[in-house]
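# Close look at the chain arrangement
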Amino acid sequence: MARRVLALAATAAALRPLLPKRSRVTTRAALTMHDYDYDVIIVGCGVGGHGAALHARSQGLKTCVLSGGDVGGTCVNRGCVPSKALLAASGRVREMSDDDHLASMGISTNGVSFDREGVAKHAEQLVNKVRGGLEGSLGRLGVDLVPKFGVYKEPHVLDVGNGETMTAQDIILAPGSVPFVPPGVEVDGETVYTSDEGLELKHVPEYCAIIGSGIIGLEFADVYTALGAECTVIEALPKLMPAFDREIAKTAERLLLTNRGVDYRTNVFASKVTPGKIGEKPVIIEMIDATTKEHVETLEVDACMVATGRVPNTKKLGLEEAGIEAPRGFVQVNDKMQVLDKPDGDVIPHLYCIGDANGIQMLAHTASTQGVSAIENICGRTHVVDHESIPAACFTHPEVAQVGLDEDAAAERAEKEGFELGKAVSHFRANSKALAEGEGDGIAKVLFRRDTEQILGVHIIGLHAADLIQECANAKAAGTTVRDLAFTTHTHPTLSEVIDGAFKECVGMHSH
Ligand SMILES: Cc1cc2nc3c(=O)[nH]c(=O)nc-3n(C[C@H](O)[C@H](O)[C@H](O)COP(=O)(O)OP(=O)(O)OC[C@H]3O[C@@H](n4cnc5c(N)ncnc54)[C@H](O)[C@@H]3O)c2cc1C
Ligand SMILES: NC(=O)c1ccc[n+]([C@@H]2O[C@H](COP(=O)([O-])OP(=O)(O)OC[C@H]3O[C@@H](n4cnc5c(N)ncnc54)[C@H](O)[C@@H]3O)[C@@H](O)[C@H]2O)c1
């Protein structure tokens, strides 16, 4: 669908009636008609870029993805995929080392051992496989995958190095994010590291400090404790796991930290971290009170995992030079994913930004959903992502999953909008399947409007919570009421009956 140069000498005005609508040049350089190389060029080949490219091809757009040599991006190479491989392997070790749990089912083992290199290899092989699949799908669908790094110049134009440019009717920026390392923290990649290096599992430290109790910190604590490490979690905010619903965070604290002997500090800032040398010199962590800023403690550990959030990977994208303001690197977008020149500013024509770089929600599936949405908008069908219906999960053992508002936010909305907040909780301990697995810990909580009976949020901690949340997310997105959900049938005996119980509870029905 890309168009050839038509007539450089003719004015845009003279040619306009002859051209199909989408090939009109609408920018300041509109005096010359361009024939773009592509209908759409996507900058970045992470899950966001990949999702956008697949949808672009399904809409018949001539599509190019600039990968910068990093096909798969964070999720595939340094994120979701290797972390889930480590969690799967270490989860088995945890299960098989739990003599009491096994004995309760009549099982005993002669002890379990693991080979660190073998576990690391499992993650590496999975990364290669998934990356191969992602690359293959682009090739099969006829997407041009170019290993160049794109720099935005002006509407329709990207600089791809060596004085070359590439052009497209529309450009989608999907450059993702990189780990944030706080000032004072020195990363050597060996004894002090971020998830980028941690996922290689070059060693399992005997004693590890994890800075940050977000999802990355929790997932790594799960892996390390399963593999026998002792951990201390350091969190700057007054409460652990600030991204979770308060009640769920309390249960998570017990199940994921206290019950495993994980030590933690809250309201404490890791202000200075000095790397050590494996087996020779400890890592030194200096901590200050987050409120008074006074030194409170110095910790010596074998390794320190820095899990203090992520920042947009937008520094070298040419935004500032193009007059686009991106506060702290976050590209500002409207609800159609169109880039704005500043917060609440004007739309930059033919430029979109999806995924971690816009900071709306740093999740893989959000990035690809936004990619699909951007393509819909490019094709002229207005589409807005319902971010409040996108679920999120933390793949610890047990898992934690959520969609929509947490209880504090739901209460705030109820007060502001003048409706009564409903809440129902059901327990994994009353579920036959969970008990059969010997995994009765956990709860599911549904928050809803009593007037419309619509879901505001669902929060689950328990076995396979990440799978269980999907039904709730779909229901929330579709606007299904808790009453309608309470009358649906859930397979027996499955974990989904935990959710069934919560829906029934919402409307005063008994489930057992
Ligand atoms: C340890 C870890 C575990 C995670 N686990 C999960 C999980 O289980 N589930 C989940 O939903 N999310 C998870 N995430 C988050 C998820 O990885 C990100 O939300 C997701 O990768 C964002 O996708 P993206 O396409 O926006 O960016 P990225 O995946 O970061 O991809 C962007 C790509 O663009 C490239 N690039 C940047 N600039 C340019 C340029 N100018 N030209 C060409 N290429 C460029 C980058 O090199 C990169 O390859 C995890 C993250 C981490 C760190
Ligand atoms: N399963 C998943 O979906 C998954 C898994 C991993 C990562 N991710 C995404 O990746 C992103 C980054 O995750 P994350 O866990 O690194 O970030 P996060 O922002 O969720 O958590 C970082 C934590 O570190 C704390 N912190 C920051 N600086 C500190 C300091 N100097 N001392 C002590 N504490 C400090 C913050 O208060 C915060 O609680 C998140 O947006 C997350 O959604 C998702």
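Here the structure is a predicted model, which is why all the values come from computation and not from measurement. (Residues numbered from 1 in each chain as written. Chains lettered and ligands numbered in written order. Predicted model: local features only at pLDDT ≥ 70, side-chain atom pairs only at ≥ 80, totals over all residues. Heavy atoms only, no water.)

## Some words on the site of ligand 1
Let me state the cut-off plainly: To be near a molecule or strand, a residue needs just one of its heavy atoms within 4 Å of it. Here, Shrake-Rupley sampling with a 1.4 Å probe gives the accessible areas, and only protein chains in the shown set may cover a residue. A run of DSSP states H or I qualifies as a helix once it reaches four residues; a run of E qualifies as a strand once it reaches two. Both are numbered from the N-terminal end. Three classes are used, and their members are as follows: Ala, Val, Leu, Ile, Met, Phe, Trp, Tyr, Cys and Pro are nonpolar, Asp, Glu, Lys and Arg are charged, and the others, Gly among them, are polar.
Surrounding ligand 1, one finds 39 residues, the nearest of these being Asp-70, Thr-74, Lys-84, Gly-150 and Asp-356. Relative to its unbound accessible surface of 1000 Å², ligand 1 loses 93% to contact with the protein. Top contributing element to the shell around ligand 1 by residue count: helix H3 (residues 73–78), with 4 residues. Grouping the constituent residues of the shell around ligand 1 by class yields 17 nonpolar, 16 polar and 6 charged.

## Some remarks on the pattern of salt bridges
Quick note on the threshold: Just to be clear on terms, a salt bridge is a Lys or Arg side-chain nitrogen sitting within 4 Å of an Asp or Glu carboxyl oxygen. Buried, partly exposed and exposed residues are distinguished by accessible area as a fraction of the type maximum, computed with a 1.4 Å probe on protein chains only: under 20%, between the cut-offs, and over 50%, respectively.
Using the criterion set out here, one finds 24 salt bridges in the structure. Salt-bridge contacts for Glu-117 lead to Arg-116; the nearest nitrogen and oxygen are separated by 3.7 Å. Residue Glu-417 pairs with Arg-449 through a salt bridge whose shortest N-O separation is 3.4 Å. Note that Glu-417 is positioned in helix H11 (residues 407–417) and Arg-449 in strand S22 (residues 443–449), a separation of 32 residues in sequence. With relative accessibility at 48%, the residue Glu-417 sits in the partly exposed group. On the basis of relative accessibility, which here comes to 19%, the residue Arg-449 falls in the buried class. Via salt bridges that share partners, Asp-245, Glu-247, Glu-407, Lys-423 and Lys-445 belong to a single interconnected network.

## What to know about the UniProt feature "binding site: NAD(+)" (unreviewed entry) in the protein chain
Stated formally: UniProt positions are given in the numbering used here, feature names are shortened, and annotations may be inferred rather than shown by experiment. Only heavy atoms enter the contact rule, under which two residues are in contact if any of them lie within 4.5 Å.
Within the UniProt annotation, "binding site: NAD(+)" (unreviewed entry) is assigned to Gly-212, Ser-213, Gly-214, Ile-215, Ile-216, Gly-217, Leu-218, Glu-219, Glu-235 and Gly-309. Considering the arrangement of structural elements, one finds Gly-212 in the loop between strand S9 (207–211) and helix H8 (215–226). Contacts of Gly-212, omitting those with residues within four sequence positions, involve Gly-217, Val-233, Ile-234, Glu-235 and Ala-307. Checked against the element boundaries, Ile-215 lands in helix H8. The exposure class assigned to Ile-215 is partly exposed, which follows from its relative accessible area of 30%. Sequence-distant contacts of Ile-215, defined by excluding residues within four places in its chain, comprise Ala-393 and Cys-394.

## Regarding helix H2 (residues 47–58)
As a reminder of what qualifies: One less than the number of residues in a helix, times 1.5 Å, gives the span that helix is expected to have.
Taking 1.5 Å as the rise per residue, H2 with 12 residues should run 16 Å; its terminal C-alpha atoms sit 17 Å apart, in good agreement. Along H2, the residues that are buried comprise Gly-48, Gly-49, His-50, Gly-51, Ala-52, Ala-53, His-55 and Ala-56. The inward-facing, buried residues of H2 contact strand S1 (38–43), strand S2 (63–66), helix H6 (116–141), strand S6 (165–173) and helix H10 (364–378). Phi turns positive, to about 75°, at Gly-60, one or two residues after H2.

## Describing the nonpolar core
Nonpolar side chains in soluble globular proteins generally cluster together in the buried interior. Our working rule: Nine residue types can take part in a nonpolar core, namely buried Ala, Val, Leu, Ile, Met, Phe, Trp, Tyr and Cys, and a core is a set of them joined through side-chain atoms within 4.5 Å.
Formed by 44 residues in total, the largest nonpolar core has its most connected members in Leu-66 and Ile-172. Where this core is concerned, the elements lending two or more residues are S1, H2, S2, H6, S6, strand S18 (347–353) and H10. If you look at the next biggest cluster of nonpolar residues, it comprises 39 residues, including Phe-220, Ala-221, Val-233 and Leu-240.

## Let's talk about the environment of Met-362
In this structure, Met-362 sits in the loop between S18 and H10. Take Met-362: its relative accessible area is 32%, and that puts it in the partly exposed class. Considered as a pair, Met-362 and Gly-309 are 53 residues apart in the sequence and their alpha carbons are 9.9 Å apart. Look past the residues within four positions of Met-362 in its chain and what remains in contact with it is Ser-177, Arg-310, Phe-330 and Asp-356.

## Remarks on the packing of H2 against H6
Formally: Axis definition: a line fitted to C-alpha atoms, over the contacting stretch in the case of helices. Angles run 0 to 180 degrees between N-to-C directions. Between 65 and 115 degrees an angle is taken as roughly perpendicular, under 35 as roughly parallel, over 145 as roughly antiparallel, and anywhere else as oblique. Left-handed is the label given to a crossing in which the near helix is rotated counterclockwise from the far helix by less than a right angle, and right-handed is the label when the rotation is clockwise.
For the pair H2 and H6, interaxial distance at closest approach is 10 Å and the crossing angle is 20°. One element, H2, and the other, H6, form an angle in the roughly parallel class. Read as a crossing pair, H2 and H6 show a hand that is left-handed. Only Leu-134, Ser-137, Leu-138 and Leu-141 of H6 make contact with H2, whose side of the interface consists of His-50, Ala-53, Leu-54 and Arg-57. Each residue belonging to the contact of H2 with H6 can be placed in one class, and the counts come to 5 nonpolar, 2 polar and 1 charged.

## Re the sheet that holds S22
The strands that make up a sheet pair up through hydrogen bonds in the backbone, lying either parallel or antiparallel. For the record, the criterion: Between any two strands, at least two bridges found by DSSP are needed for them to pair.
Strand order in the open sheet formed by 5 strands is S19-S20-S23-S22-S21, and the pairing between neighbours is antiparallel. Edge strands, defined here as strands with exactly one partner in the open sheet, are strand S19 (392–394) and strand S21 (421–427). Going across the sheet, the axis of each strand differs from the next one's by a mean of 10°, ignoring polarity. Of the pairings in the sheet, the one linking strand S20 (residues 399–404) to strand S23 (residues 455–462) comprises 6 bridges and is antiparallel in character. Bridging from a neighbouring strand, Val-400 pairs with Ile-461 of S23. Packing of H11 onto the sheet brings it into contact with S21, S22 and S23, and relative to S21 it is tilted by some 155°. Across the sheet, helix H15 (residues 496–506) is in contact with S21, S22 and S23; its angle to S21 comes to roughly 145°.

## Considerations on the domain arrangement of the protein chain
Threshold: Residue ranges for the domains trace back to a domain assignment, done automatically or taken from a database. Each of two parts loses accessible area, computed with a 1.4 Å probe, when they are put together; buried area is these two losses added. For the purposes of these results, a polar contact is taken to be a pair of N or O atoms within 3.5 Å, where, inside protein, one atom must be able to donate a hydrogen and its partner to accept one; residues adjacent in sequence count only when each atom of the pair is a side-chain atom.
Annotation of the protein chain at the domain level lists domain 1 (24–177 + 309–385), domain 2 (192–308) and domain 3 (390–506). Between the C-alpha centres of domain 1 and domain 3 there is a distance of 30 Å. With 10 residues of domain 1 at the contact, the number on the domain 3 side is 9 residues. Here domain 1 meets domain 3 over a buried area of about 780 Å², counting both sides, of which 67% is carbon and sulfur. For the pair domain 1 and domain 3, the number of links is 3 residue pairs in polar contact (both at pLDDT 80 or more). Taken together, the elements giving at least two residues each to the side of domain 1 that touches domain 3 come down to helix H4 (80–97) and H10. Ranked by residues supplied to the side of domain 1 that touches domain 3, first place goes to H4 with 3 residues. Tallied by class, the residues present in the side of domain 1 that touches domain 3 amount to 4 nonpolar, 5 polar and 1 charged.

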